[in-house]
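The primary structure of each chain is shown beneath.
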Amino acid sequence: MIEDLAFIGQIAVKSSIAVLLATLGEIVAERSGILNLGVEGMMLTGALCAAAAGIATGNPILAVAAGTLAGGLLALVHGFFAVTLRVNQVLSGLALTLLGMGVTSFLGRPLIGIAPGVRLRAVPIPGLADIPVIGDIFFRQSPLAYLAYVLVPLCWYWIFHTGTGLKIRAVGEDAAAVDAAGIDVFRIRYLCTFAGGLGAGLAGAYLSLSYTPGWKESMTGGQGWVAIAMVIFATWNPLRAVVGAFLFGGLTALQFYFQAVGVELVPAYVLKMLPYLLTIAVMILVNVGPGRRFGGPAALGVPFSREG
Amino acid sequence: MAMTTLSSPVLALTDITKRFGDVRANQRVTWTLDAGRIYALLGENGAGKSTLMSILAGRYQPDGGEIHLRGSPVRFLSPAQALASGIGMVYQRFMLVEPLTVAENILLRRGPIRGKRTRDIRQIRELAERYGLLVNPLAPVRTLTMGERQRVEILKLLYRQAEILIFDEPTAVLTHAEIDSLFDVFRQLKEEGKTVVFITHKLEEVMAVADEIAVMRRGRMVSRVAAAQVRSHHDLARMMVGREVILSVQKPPVAIGEAVLTAMGLSGPAGADRLKFQDVDFEVRRGEIFTITGVAGNGQEQLVAALAGLAPMAAGTVSFRNRAYTAARWRRRTGDGLAYIPEDRDRTGSIDAFTLVENFMLTRLDAFGGALWVRRRRAARATAAAVRDFSIQGGGIRGLAAHLSGGNRQKLILARELSRRPDLLIAEQPTQGLDVRATEEVWQALLRQRASAAVLLVTGDLKEALTLSDRIAVMFRGRILDIVSAREAADIDRIKLLMAGLGKRE
Ligand SMILES: Nc1ncnc2c1ncn2[C@@H]1O[C@H](COP(=O)(O)OP(=O)(O)OP(=O)(O)O)[C@@H](O)[C@H]1O
Ligand SMILES: [Mg+2]
């Protein structure tokens, strides 16, 4: 029984990392007032570029860097439309997702079926990995998972306890006020959009290098959308994103577990739907009832220009 | 009448021009400013005052002209650059990030340095004390009154060591006492050799602190005089408007009719930890202007919001046009008869992204449309008439409300609400930000409303209250202390005492 728990826990963490990384990125972007619905597209692009760089070089660091950077660069396209041209951010983000899906499906074709060049296997952390249950769950994971563990508090500290974080939050609340205070609104928004893309790209790299190494079309399976919902669930706070991501990972893990033991308590397709149903339920719960204002940035999705 | 000064000016504007589409907001404006002086900038609504100041502060780029700072030409591409050169501005709409604290707003650009927090806070406290700008650095801006917010804005500029401080209608949101202390701050800044420019529509304020007066009309700088040379308000008013202004309104007697609105035992708002108004009783009768006054923050704002149906009341009954409503049912009341001119014209009163016509239809959809259609032509005609009657200047009826100057926006809302022919008109600070002529027009319009309606006026401006009202209720800490008839001169002193919470009749 304990072993089963450790097994489920391990898979749960493993399945939550991509959503967690993408959520962290989107939190940073949205805190500055930029809504980027292109997460799914950026994740796919990151996954493809990481897989391709892995095959080409065999170097894990280069592969991760390629995937991450690809996400960041794609985000800059959104930045150009949303910040500089001030077009509707929902449209621009959706376009980014469609672009990412189309381009990766086309360019990724030659990679399908090719053995992955880089596999980031689980690396047990000496000492910690031997703690019963906990060790199995948290400390026998991919190096990118450990990176995510570190990024969560870092992100939180950055947003809530540094001068730059203060500016980011301020821009997300009232860009005109920040501009009048003599701060470059455009630079901050570009920076945060880029950071958001890096998060999504890294999430994609995790999928194609570690979670299920190799490239498959649409391999993100909607996790980008889940990340966007998780931002709201986390009320734009990186620490709470952990809870949301873990819930998502937990449901995914249950599905694997029932498959593995061969019992079908609930039909498999219902289980498959669970993470997404949960996401919807979470959105409803967060948005009804008392205390509805959950600290969302007031200027989310609102473009800024000086002369009105 | 030009100023003669021996030292060279700190700031010189030459032929500054700025267009917004077809509107020429500034046309070849030339002006020089010296250190250690206080300047008042006057002009009608839409004259281009805010635009000119925003150019100085780096928010807008001029289409033509030059700015010289201490003799050398400068060009500000952003507020950041202007601030770096020592020019800072406090805007009509405060530029503070509401969820952040006072200290965070002040330190925003530099970013608070970790570990040095206590030192930063102490520095802000010291600065605040030096200028008498009392405000708690740790309070979130959201919880502050307008007066406190303004102090934060001034602290922001002083913290950045601004040498030229610009204020866009700084007194519009302040109480009398706050205005006096603001002027003390101005004088202190002047003594330290800084330059202060403030925009205002209140002539007595100009006489109280300004050294020099500049007047704009239709985008041009039309005159500049030393304050000492101005003998009367009339001189100033004439300079602003270009013609004689009466400045005193006729108040023809009107027969007082039945009570249109009767409030009994109102308390609220519902759901708040602390009641903002309590046991409020009064009635407003057809043919009279009933005024509620008091120092800002004594519950008038919440009371009006509740009466206008914007916020729920906790207890009491309202009877309106002979129908009684409980607190809960008043909120859900639909139907006509009540018009409301809110204080916050930018958010509650109108929609930025709508044209003037669309804004004009906003509270009159019944008149201009049904479920399936909109009578656009008719609405356009009505809007055009309003624009003519109230001389609303801007980009025309198809222009966006966002592009109207502050005063013109107020006139649009006023025109719309008056055109509804209400039984009760609630007017909240209706002349805030209006120039002398527009103020006069609004006053006349309110007095005319008495013929057909009851008028509930809420104002912090004693002069306005005394000019217009038949009866004045003074609110203090959420209660109406007394209701005074506005006829006798001795009442002025009594009202002032009541506003301070003193002198309640036993
Ligand atoms: N962003 C803008 N876009 C278009 N037109 C504008 C804009 N800002 C101002 N205007 C127009 O420029 C003119 C000058 O406006 P400005 O705000 O400078 O007037 P003001 O003197 O400050 O008036 P008020 O006393 O009413 O505040 C007005 O006709 C206004 O409609
Ligand atoms: Mg103005």
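Conventions and cut-offs
- Residues numbered from 1 in each chain as written.
- Chains lettered and ligands numbered in written order.
- Predicted model: local features only at pLDDT ≥ 70, side-chain atom pairs only at ≥ 80, totals over all residues.
- Heavy atoms only, no water.
- Helix = DSSP H or I, 4+ residues; strand = E, 2+ residues; numbered from the N terminus.
- Expected span 1.5 Å × (residues − 1).
- Buried < 20%, exposed > 50% of the residue type's maximum accessible area, 1.4 Å probe, protein only.
- Near = heavy atom within 4 Å.
- Polar contact = N/O pair within 3.5 Å; in protein donor to acceptor, adjacent residues only side chain to side chain.
- Areas by Shrake-Rupley, 256 points an atom, 1.4 Å probe, with all protein chains shown as cover.
- Nonpolar A, V, L, I, M, F, W, Y, C, P; charged D, E, K, R; others polar.
- Domains from an automatic or database assignment.
- pLDDT = per-residue confidence, 0-100.
- Contact = heavy atoms within 4.5 Å.
- Core = buried A, V, L, I, M, F, W, Y, C linked by side-chain atoms within 4.5 Å.
- Buried area = accessible area lost by both parts, 1.4 Å probe.
- Salt bridge = Lys/Arg side-chain N within 4 Å of Asp/Glu carboxyl O.
- Pairing = 2+ DSSP bridges.
- Axes fitted to C-alpha atoms, helices over the stretch in contact; angles between N-to-C directions.

Turning our attention to helix H2 (residues 39–57) of chain A. Residues and elements named next belong to chain A. With 19 residues, H2 extends 26 Å between its outermost C-alpha atoms, agreeing within 8% with the 27 Å of an ideal straight helix rising 1.5 Å per residue. Most of H2 is tucked away, with 14 of its 19 residues classed as buried. Backbone geometry just downstream of H2 places Gly58 in the positive-phi region, at approximately 70 degrees.

Around ligand 1, 22 residues are found, and the nearest of them are Gly46, Ser50, Thr51, His403 and Ser405 of chain B. The local environment of ligand 1 is shared, drawing residues from chains A and B. In this structure, Ala47 of chain B approaches ligand 1 through a main-chain N or O atom, which is 3.2 Å from an oxygen atom. Lys49 of chain B is positioned such that a nitrogen or oxygen atom in its side chain is 2.8 Å from an oxygen atom of ligand 1. Relative to its free-state accessible area of 630 Å², ligand 1 is covered by the protein chains to the extent of 92%. Elements with a contribution of two residues or more to the shell around ligand 1: strand S2 (23–33), helix H1 (49–56) and helix H14 (406–418) of chain B. Of all the elements, H1 of chain B adds the most residues to the shell around ligand 1, at 3 residues. Along the lines of polarity and charge, the residues of the shell around ligand 1 split into 6 nonpolar, 12 polar and 4 charged. Here the shell around ligand 1 spans two domains, and each of domain 1 (11–241) and domain 2 (259–499) of chain B adds at least three residues to it.

Another aspect to go through is the confidence of the model for chain B. Residues and elements named next belong to chain B. Of all residues in chain B, 95% attain a pLDDT of 70 or more, and the chain-wide mean is 88. Within the model, the stretch residues 1–5 combines pLDDT values under 50 with 8 contacts to residues more than four positions away or in other chains. Scored by ipTM, the complex comes to 0.82, with pTM at 0.83.

Attention shifts here to helix H15 (residues 436–449) of chain B. Residue and element names in this part refer to chain B. A rise of 1.5 Å per residue sets the reference length of H15, with its 14 residues, at 20 Å; its end C-alpha atoms lie 20 Å apart and thus fit the reference within 8%. For H15, the full list of buried residues reads Val436, Arg437, Ala438, Thr439, Glu440, Val442, Trp443, Ala445, Leu446, Leu447 and Gln449. One side-chain oxygen of the residue at the start of H15 lies 3.0 Å from the amide nitrogen of Arg437, identifying that residue as Asp435.

Among the nonpolar cores identified, the biggest contains 105 residues, and Trp31, Leu52, Met53 and Leu108 of chain B are the most heavily contacted of them. Ranked by the residues each element gives to this core, the list is headed by helix H9 (residues 185–211) of chain A, at 11 residues. Leave out the neighbours within four places in its chain, and Leu108 of chain B touches Leu166, Lys167, Ala170, Val178, Ala181 and Ile183 of chain A together with Val97 and Leu100 of chain B. Counting 53 residues, the second largest nonpolar core, distinct from the first, contains Leu42, Ile106, Ala139 and Ala162 of chain B.

Next up on the list: unusual backbone geometry. Residues and elements named next belong to chain B. The omega angle of the peptide bond from Gly268 to Pro269 is -10 degrees, so this bond is cis rather than trans. Residue position: Pro269 is located in the loop between strand S11 (259–268) and strand S12 (277–285). At Glu169, a residue that is not glycine, the phi angle is positive and equals roughly 45 degrees. Mapped onto the fold, Glu169 is located in the loop between strand S7 (164–168) and helix H6 (176–191). By relative accessible area, Glu169 is classed as buried at 11%. At Asp279, a position not held by glycine, the phi torsion is positive, near 50 degrees. Within the element layout of this structure, Asp279 appears in strand S12.

Turning next to the interface of chain B and chain A. Listed by partner, the interface residues are 27 residues for chain B and 20 residues for chain A. Summing both partners gives a buried area of about 1,900 Å² for chain B against chain A, and 60% of it is carried by carbon and sulfur. Counting across the chain B and chain A interface gives 1 salt bridge. In this structure, Arg93 of chain B engages Asp174 of chain A in a salt bridge whose closest nitrogen and oxygen atoms are separated by 3.1 Å. At the junction of chain B and chain A, the tally comes to 5 residue pairs in polar contact (both at pLDDT 80 or more). Where the side of chain B that touches chain A is concerned, the elements lending two or more residues are strand S1 (11–20) and helix H2 (79–84) of chain B. The leading source of residues in the side of chain B that touches chain A is H2 of chain B, at 3 residues.

Right, let's get into the sheet that holds strand S15 (residues 323–326) of chain B. Residue and element names in this part refer to chain B. Spatially, 4 strands are ordered S12-S11-S14-S15 in an open sheet, and the strand pairing comes out antiparallel. Pairing within the sheet leaves two strands with one partner each, and these edge strands are S12 and S15. When the angles between neighbouring strand axes are averaged without regard to direction, this sheet yields 10 degrees. Each of S11 and S12 is contacted by helix H9 (residues 300–307), which is oriented at about 60 degrees to S12, the strand it contacts most.

What follows is about the domain arrangement of chain B. Residues and elements named next belong to chain B. Split by domain assignment, chain B resolves into domain 1 (11–241) and domain 2 (259–499). Distance between the C-alpha centres of domain 1 and domain 2: 30 Å. Taken together, the contacts link 17 residues of domain 1 with 21 residues of domain 2. Carbon and sulfur atoms make up 51% of the area that domain 1 and domain 2 hide from each other, which totals about 1,400 Å². Remark: the boundary between domain 1 and domain 2 carries 1 salt bridge. The tally of links from domain 1 across to domain 2 stands at 6 residue pairs in polar contact (both at pLDDT 80 or more). Those elements that place two or more of their residues in the side of domain 1 that touches domain 2 are helix H7 (203–209) and helix H8 (233–241). Of the residues belonging to the side of domain 1 that touches domain 2, the class tally is 6 nonpolar, 6 polar and 5 charged.

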